[in-house]
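# Architecture at a glance
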Amino acid sequence: MSIKNILQKDNFTRDDIIALLGADNPTDIELIRNKAEQILLDKCGLKVFYRGLIEFSNTCVCDCHYCGIRKSNHTVKRFTLSKEEIVSAAKWCADSGYGSVVLQSGERSDPAFVDFAEDVIRQIKSATVSQSLPQGVGITLSIGEQSLQTYERFFKAGAHRYLLRIETSSPKLFDSIHSSTQNLERRITAIKNLKQASFQAGTGVMIGLPGQSAENLADDILRFKELDVDMIGMGPYIPHKDTPMSIHTEYFNINKDKIFQTSLLMIAVCRLVLKDVNIASTTALQAIRDDGREMGLRYGANVMMPQVTPVNVRRDYLLYEGKPCLDESSEELRKGLDLRIRSLGRQVALNEWGDSKHARTAEKPRHGGVFCGT
């Protein structure tokens, strides 16, 4: 079946998804991009929602083979921002019109870390209440696997979105890029626990992993649908020199254009299949091409995560090589992104949480059944 005929469908089979992800003809790729953009505008509108990204700690108990802040990388200078620094960054976001922040760190679940994160969430909510944001900024967490009880504590403190990437839904591929202490099914259970704790739950994968196939990526999308996630954060695989997967650097250099294009197709096909979820255009796209994040928006993304991590520690939070936006101030980054977004004919959402339309239409109660933002 031709790409044009597949795109006339409203529901897609696994074979349809594989065909869409495997498109390599520029005409077919543009058909897919255009259809994804149409669905985005119909289901989610023109707005692009900012999530000010605060990378507050690079200490991690995991030893993922691809990650620059993995536990066994002893070249990393470890840091944890103070509560005051984190709250200050979140306050800057609120004052700048960002409706939301993302608190991201290495994975830890020890009591001291959980207490620290819970208190920071409460302080941010209190510090960012204003006439424009009567309930403070929306808070997305990306701090790894936790117990159901911990998720409930974080939600009660004021966070309401959580991103927990699976990186791949293939057990074989998952095991090949993680240490033996990590388990795909445990991670999927954690996503289900997030939903039980009333979080808007998000996940995502790396695209272009050595040995990864279009079939694997199609299964990833079907797993997103099965889990009924509200948001997707994913991006291209980019190696880091101080990791076991640095042996794939030549593979990446040879294939990076294809990896980039497949990453865009993943955004587009997720939009086609999942319709009204939030999809981030991630910084890793810009690490391959300067206009990568704009391209992500053109292929169906509606969320961006501008850096607000203090400049003096950004180089200590490198998950992959070539990470952009390391030296610009938060204000410089905001102005640059505003211009890029408006150049596409899209709108920058101000003072809105930007909750997933998928979460809203599913009628899941958030904070006593009240949705904030759009």
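No experiment lies behind these values; they were computed from the predicted model shown. (Residues numbered from 1 in each chain as written. Predicted model: local features only at pLDDT ≥ 70, side-chain atom pairs only at ≥ 80, totals over all residues. Heavy atoms only, no water.)

So, on to the environment of S126. For S126, the location among the structural elements is in helix α5 (residues 111-127). Between the alpha carbons of S126 and G136 there is a distance of 6.9 Å; along the sequence they are 10 residues apart. (Helix = DSSP H or I, 4+ residues; strand = E, 2+ residues; numbered from the N terminus.)

Once that is clear, we can look at the nonpolar core. Counting residues in hydrophobic clusters, the biggest one holds 112 residues, and the most contacted among them are I54, L103, L141 and F199. At 13 residues, helix α10 (residues 249-274) tops the list of elements feeding residues into this core. Counting 7 residues, the second-largest nonpolar core is a separate cluster that includes L53, V102, V303 and A349. (Core = buried A, V, L, I, M, F, W, Y, C linked by side-chain atoms within 4.5 Å. Buried < 20%, exposed > 50% of the residue type's maximum accessible area, 1.4 Å probe, protein only.)

Moving on, we get to the pattern of salt bridges. Under the defined criterion, the tally for this structure stands at 29 salt bridges. Between R122 and E118 there is a salt bridge whose closest N-O contact spans 3.5 Å. Remark: E118 and R122 occur in helix α5; sequence separation between them is 4 residues, near one turn of the helix. Of the charged contacts in the structure, one is a salt bridge between D290 and R340, with a shortest N-O distance of 3.6 Å. Taken as a pair, D290 in the loop between α11 (283-288) and α12 (292-298) and R340 in helix α14 (residues 330-343) lie far apart in primary sequence, 50 residues in all. Judged by relative accessible area, R340 falls into the partly exposed class, the value being 23%. Through salt bridges with shared partners, one network takes in E331, R334, K335, D338 and R342. (Salt bridge = Lys/Arg side-chain N within 4 Å of Asp/Glu carboxyl O.)

Now for the packing of aromatic side chains. Within the structure shown, the criterion is met by 8 aromatic pairs. Residues W92 and Y98 carry aromatic rings whose centres are separated by 5.5 Å and whose planes lie at 85 degrees to one another, so their mutual orientation is edge-to-face. With relative accessibility at 25%, the residue W92 sits in the partly exposed group. On the basis of an interplanar angle of 85 degrees and a centroid distance of 5.6 Å, the ring pair of Y162 and F199 is categorised as edge-to-face. Linking Y162 in strand β4 (residues 161-163) with F199 in the loop between α8 (184-196) and β5 (200-203), this pair joins segments that are 37 residues apart in sequence. Given a relative accessible area of 1%, F199 falls into the buried group. Joined through ring pairs, the aromatic side chains of Y151, F155, Y162 and F199 make up one cluster. (Phe/Tyr/Trp six-rings, centres within 6.5 Å; stacked < 30°, edge-to-face > 60°.)

This part takes up the layout of surface pockets. Of the volumes computed, that of the largest pocket is approximately 330 Å³. Along its surface, the largest pocket is lined by 19 residues, and L21, L217, K258, I259 and T262 are the ones closest to its centre. For the lining of the largest pocket, the secondary-structure elements that each account for two or more residues are α9 (214-227) and α10. Per element, the largest residue contribution to the lining of the largest pocket is 7 residues, and it comes from α10. Classifying every residue of the lining of the largest pocket gives 10 nonpolar, 7 polar and 2 charged. Computed from the structure, the second largest pocket encloses a volume of approximately 190 Å³. K225, V273, L274, K275 and H358 are the residues nearest the centre of the second largest pocket, which is lined by 14 residues in total. Contributions of two or more residues to the lining of the second largest pocket are made by α9 and α10. A total of 3 residues in the lining of the second largest pocket trace back to one element, the largest contributor, which is α10. Residue composition of the lining of the second largest pocket, by class: 7 nonpolar, 2 polar and 5 charged. (1 Å grid on protein atoms, 1.4 Å probe; cavity = no way out; pocket = protein on both sides within 12 Å on 5 of 7 lines; lining within 4 Å. Points joined across faces, edges and corners; volume = space filled by probe spheres on them. Nonpolar A, V, L, I, M, F, W, Y, C, P; charged D, E, K, R; others polar.)

Checked against the element boundaries, H240 lands in the loop between β8 (235-236) and α10. Separated by 3.0 Å, the side chain of H240 and the backbone nitrogen of D242 make a polar contact. Beyond its immediate chain neighbours, meaning those up to four positions away, H240 contacts Y66, G68, N73, S246, L318, L319, Y320 and E321. (Polar contact = N/O pair within 3.5 Å; in protein donor to acceptor, adjacent residues only side chain to side chain. Contact = heavy atoms within 4.5 Å.)

Its 13 residues give α8 an end-to-end C-alpha distance of 19 Å, which sits within 8% of 18 Å, the value for a rise of 1.5 Å per residue. Those residues of α8 lying buried are L184, R187, I188, A190, I191, N193 and L194. Those residues of α8 that are buried lie in contact with α6 (148-157), β4, α7 (171-177), β5 and α9. A distance of 3.0 Å separates the backbone nitrogen of E185 from a side-chain oxygen at the start of α8, and that oxygen is part of N183. Residue S198 follows α8 closely and has a positive phi angle near 80 degrees. (Expected span 1.5 Å × (residues − 1).)

All right, on to the state of the cysteines then. Summed over the entire model, instances satisfying the criterion amount to 0 disulfides. The closest cysteine sulfur to the non-disulfide-bonded C93 is located on C325, 14 Å from its own sulfur. The class of C93 is buried, set by a relative accessible area of 0%. (Disulfide = S-S within 2.5 Å.)

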